[in-house]
Amino acid sequence: MQTDGIPLLVFFWSERSGPARRMESLLAHVARKERSRLRVIRVDVDRQPAVAQRFEVSDVPTLVLVKGKRVVGRIDGRASAPKIETMLEPHLAAAA
C-alpha cells in the first residue's frame, strides 16, 4: 500500500456517517500539518467494502495507521485532535 517509508493514515468513512463527516476537516488539517511526514487517504466503506473488510473495519469513522506494511495504530470511532496526535507522534518522529 505504501512504498516510500512514510506512514500512511487511512481514514475509513461513509457519507452516511455524521461523525465521520464531522472528522473530515480535522483529518484535512492533520494531512496539511504533517504533509512531509505522513500520507492521509480516505476510504469510503460503501464504495470499497473489500478494503474495509481487509482492515477489519466495522464502524466508521475508523483511523488505521500503516507503517512498513503493518498496522501500527488504530482508533475506532470519532477521535479528537489530541488523541490522533498521540497515536501518530511515535511513528512520525522516526520519519522526520
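Heads up: the structure comes first, above all this text.
The following paragraphs examine the structure supplied in this document. (Residues numbered from 1 in each chain as written. Predicted model: local features only at pLDDT ≥ 70, side-chain atom pairs only at ≥ 80, totals over all residues. Heavy atoms only, no water.)

**Overview of the overall build of the protein chain**
Turning to step 1, where the next piece is worked out: Looking only at helices and strands, the protein chain has three helices and four strands in total.
Turning to step 2, where the next piece is worked out: The helix and strand sequence of the protein chain, counted from the amino end, reads β-α-β-α-β-β-α.
Turning to step 3, where the next piece is worked out: Computed over its C-alpha atoms, the radius of gyration of the protein chain comes to 12 Å, within 12% of the 12 Å expected for a compact globule of 96 residues.
Turning to step 4, where the next piece is worked out: Counting only C-alpha atoms and orienting by the principal axes, one finds that the protein chain spans roughly 35 × 25 × 15 Å.
Turning to step 5, where the next piece is worked out: Relative to all contacts within the protein chain whose residues are 6 or more apart in sequence, the contacts with residues 24 or more apart total 66%.
Turning to step 6, where the next piece is worked out: Taken together, the 17 basic and 11 acidic charged side chains of the protein chain have centroids lying 3 Å from each other. (Helix = DSSP H or I, 4+ residues; strand = E, 2+ residues; numbered from the N terminus. Rg over C-alpha atoms; globule rule 2.2 N^0.38 Å. Contact = heavy atoms within 4.5 Å. Lys, Arg positive; Asp, Glu negative; His and termini not counted. Charge placed at Lys NZ, Arg CZ, Asp CG, Glu CD.)

**Some remarks on the nonpolar core**
Turning to step 1, where the next piece is worked out: The biggest cluster of nonpolar side chains holds 17 residues, and the ones touching the most others in it are Leu9, Leu63, Ile84 and Leu88.
Turning to step 2, where the next piece is worked out: Every element with two or more residues in this core is listed here: strand 1 (8-13), helix 1 (18-33), strand 3 (62-67) and helix 3 (81-95).
Turning to step 3, where the next piece is worked out: With five residues, helix 1 is the largest single contributor of residues to this core.
Turning to step 4, where the next piece is worked out: If we skip the residues at most four places from it in the chain, Leu88 touches Leu9, Val30, Leu38 and Leu65.
Turning to step 5, where the next piece is worked out: Val10, Val43, Val45 and Ala52 belong to the second largest nonpolar core, which has ten residues in total. (Core = buried A, V, L, I, M, F, W, Y, C linked by side-chain atoms within 4.5 Å. Buried < 20%, exposed > 50% of the residue type's maximum accessible area, 1.4 Å probe, protein only.)

**Quick look at the environment of Arg42**
Turning to step 1, where the next piece is worked out: Note on placement: Arg42 falls in strand 2 (residues 39-44).
Turning to step 2, where the next piece is worked out: Measuring from C-alpha to C-alpha, the distance between Arg42 and Leu27 comes to 9.3 Å, with 15 residues separating the pair along the chain.
Turning to step 3, where the next piece is worked out: The contacts of Arg42, once residues within four sequence positions are left out, are Phe11, Trp13 and Glu24.

**Here's the deal with the sheet that holds strand 1**
Turning to step 1, where the next piece is worked out: The strand order across the open sheet formed by four strands is 2-1-3-4, and the pairing between neighbours is mixed. Edge positions in the open sheet fall to strand 2 and strand 4 (70-76), since each of these has one partner strand only. Across this sheet, the average inter-strand angle for adjacent strands is 20°, counted without regard to direction.
Turning to step 2, where the next piece is worked out: Relative to strand 4, strand 3 is paired through six bridges, and the arrangement is antiparallel. Among the inter-strand pairings, Leu63 is bridged to a residue of strand 4, identified as Ile75. (Pairing = 2+ DSSP bridges. Axes fitted to C-alpha atoms, helices over the stretch in contact; angles between N-to-C directions.)

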